Amino acid sequence: MIRRWHVAALAVLAVFALACDGAGNAAPEPTRTSAKPAAGYPASMVALGDSITAGLGSCLAYVACTRNSWSTGGTDAIESHYSRILAKNPKIKGKAVNLAEPGAEADALVGQARQAADRKPQYVTILIGANDACSGRVREMTSVATFRDEIDEGLARLKKDLPKARVLMVSIPDLYRLWEIGKESDKAVEVWNRGGICPSMLAAPTSTADADQQRRERVRDRIDAYNTQLRQACRAYGSRCRWDGGAAHRVRFDLELVNQFDYFHPSAAGQKELADVVYPGRFNW
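Everything in this summary refers to the structure shown in the same document. (Residues numbered from 1 in each chain as written. Predicted model: local features only at pLDDT ≥ 70, side-chain atom pairs only at ≥ 80, totals over all residues. Heavy atoms only, no water.)

## Considering the overall build of the protein chain
When you go through the protein chain residue by residue, the secondary structure sums to 12 helices and 5 strands. Across the 285 residues that make up the protein chain, the buried fraction comes to 56%. Contacts in the protein chain between residues far apart in sequence, at least 24 positions, make up 75% of those at least 6 positions apart. When the accessible area of the protein chain is evaluated, it comes to approximately 12200 Å², of which 51% is carbon and sulfur surface. (Helix = DSSP H or I, 4+ residues; strand = E, 2+ residues; numbered from the N terminus. Buried < 20%, exposed > 50% of the residue type's maximum accessible area, 1.4 Å probe, protein only. Contact = heavy atoms within 4.5 Å. Areas by Shrake-Rupley, 256 points an atom, 1.4 Å probe, with all protein chains shown as cover.)

## Some details on the pattern of salt bridges
Inspection of the entire model under this criterion finds 9 salt bridges. A salt bridge links Asp212 to Arg215, with the nearest nitrogen and oxygen atoms 2.8 Å apart. Here Asp212 and its partner Arg215 are both found in helix α10 (residues 210-237), 3 residues apart, which amounts to about one turn of the helix. Taking relative accessible area as the criterion, Arg215 reaches 15% and is therefore assigned buried. (Salt bridge = Lys/Arg side-chain N within 4 Å of Asp/Glu carboxyl O.)

## Some thoughts on the pairing of strand β4 (residues 166-169)
Of the two faces of β4, both are covered, the one formed by Arg166 and Leu168 as well as the one formed by Val167 and Met169. Across 4 bridges, strand β3 (residues 123-127) lies against β4 in parallel orientation. Residue pairing for β4: Val124 is matched across the bridge by Val167. In terms of strand pairing, β4 meets strand β5 (residues 241-243) through 3 bridges, oriented parallel. Bridge assignment links Val167 to a residue of β5, and that residue is Cys241. (Pairing = 2+ DSSP bridges.)

## Quick look at the packing of helix α6 (residues 144-161) against α10
Their axes nearest at 10 Å, the elements α6 and α10 cross at an angle of 30 degrees. Taken as axis vectors, α6 and α10 run roughly parallel relative to one another. α6 and α10 meet at a crossing whose hand is right-handed. Counted together, Val144, Phe147, Arg148, Ile151, Asp152, Leu155, Leu158 and Lys159 of α6 and Arg222, Ala225, Tyr226, Gln229, Leu230, Gln232, Ala233, Cys234, Ala236 and Tyr237 of α10 form the full contact between these two elements. (Axes fitted to C-alpha atoms, helices over the stretch in contact; angles between N-to-C directions. Parallel < 35°, antiparallel > 145°, perpendicular 65-115°, else oblique. Left-handed = near helix turned anticlockwise from the far one by under 90°.)

## Here's the deal with unusual backbone geometry
Positioned with a positive phi, Glu79 is a non-glycine residue whose angle comes to about 55 degrees. Looking at the element boundaries, Glu79 is found in the loop between α2 (51-54) and α3 (81-88).

## With respect to the sheet that holds β5
Strands sit in the order β2-β1-β3-β4-β5 across an open sheet of 5 strands; the sheet is parallel. Taken across any chain shown, the strands that pair with only one partner, and hence form the sheet edges, are β2 (96-98) and β5. Here the strands of the sheet are splayed against their neighbours by 15 degrees on average, with no regard to which way each runs.

## Observations concerning the state of the cysteines
Scanning all chains against the criterion turns up 3 disulfides. Put simply, Cys59 and Cys65 are joined by a disulfide, and their sulfur atoms are 1.6 Å apart. Cys59 sits in the buried class, given a relative accessible area of 14%. Under the relative-accessibility criterion, Cys65 is labelled buried at 0%. Disulfide pairing places Cys234 opposite Cys241 at an S-S distance of 2.1 Å. For the disulfide bridge between Cys234 and Cys241, the dihedral angle about the S-S bond is near -120 degrees, and by the sign convention the bridge is left-handed. By relative accessible area, which is 1% here, Cys234 ends up buried. (Disulfide = S-S within 2.5 Å.)

## Focus on the nonpolar core
Leu48, Ile126, Ile151, Leu158 and Trp192 are the most contacted members of the largest nonpolar core, which has 76 residues in total. Looking at which element gives the most residues to this core, the answer is α10, with 7 residues. Setting aside residues no more than four positions away along its own chain, Leu158 makes contact with Leu48, Ala113, Ala116, Val124, Ile126, Pro163, Val167 and Tyr237. (Core = buried A, V, L, I, M, F, W, Y, C linked by side-chain atoms within 4.5 Å.)

## Examining helix α12 (residues 268-278)
Buried residues of α12: Gly270, Gln271, Leu274, Ala275 and Val278, and no others. All buried residues of α12 lie within an arc of 140 degrees about the axis, which places them on one face of the element. (Arc of directions from axis to C-beta.)

## Describing the packing of aromatic side chains
Inspection of every chain in the model, using the stated rule, returns 8 aromatic pairs. An angle of 55 degrees between the planes, with centres 5.4 Å apart, marks the rings of Tyr41 and Phe283 as tilted. With Tyr41 in the loop between α1 (7-21) and β1 (45-49) and Phe283 in the segment after α12, this residue pair connects regions lying 242 residues apart in the sequence. Here Phe283 falls in the buried class, since its relative accessible area comes to 5%. In this structure an aromatic cluster arises from ring pairing among Tyr41, Tyr123, Tyr279, Phe283 and Trp285. Between Arg220 and the ring centre of Tyr176, over which it is positioned, the NZ or CZ distance is 5.1 Å. (Phe/Tyr/Trp six-rings, centres within 6.5 Å; stacked < 30°, edge-to-face > 60°. Lys NZ or Arg CZ within 6 Å of the ring centre and 35° of its normal.)

So this is what it looks like as structure tokens:
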């Protein structure tokens, strides 16, 4: 299920994706490696999710830019999970695949999980759910019950096909916080008014009308509910799933951490911040 506000971005992606990211989804290969693999670090990984993990708008054009992904990116400046693991375990070199899809909602997770199974990764990152809240109208947001069912379906597929893989479940960023800072920026307001980005939250960004504030609060509350479900689903998955503890949601995004194409998706600096706050550090789960 793809929201209407995604259509323009997806059309651009279709035209420019190859020019931006090269021939495939595998991460570029940073040069830093250690002489001997450190115990416990995975030798392969896959990223699942939406446009945030796909790095949309983090390069010099408004396209998916997986080389800047917080998860599998290979650009040194991002210090992605792939880059950090590579520094500890050279065996992961070239074995990081980004399956995240711009516009993906929770119902896409099961299909991405099936694709992941073919690659047999030892580490899987998941960041999904913002698009379920970013509907054209509040009543079109994915219900909490449906969201949980779709997350559980994707996780069940992973557990069946990749029972030994370690899974990192990442919380949905705080879009209400983004509105709070962006409404003070003339540029952000202009872009949001023109581009229709996440209208359930960002429509009429400067309006102080009760109806608009109630709308934003309903989206905020829905994201909080989704994050509760992600945490509980990860716990139900078992010891092979690690919840980020809400770290991504707690990032205090300012406008330097989002790109200037849509003032919504993380910039390269934002991708680096995400990589840092959700990195598990130790791989002993």
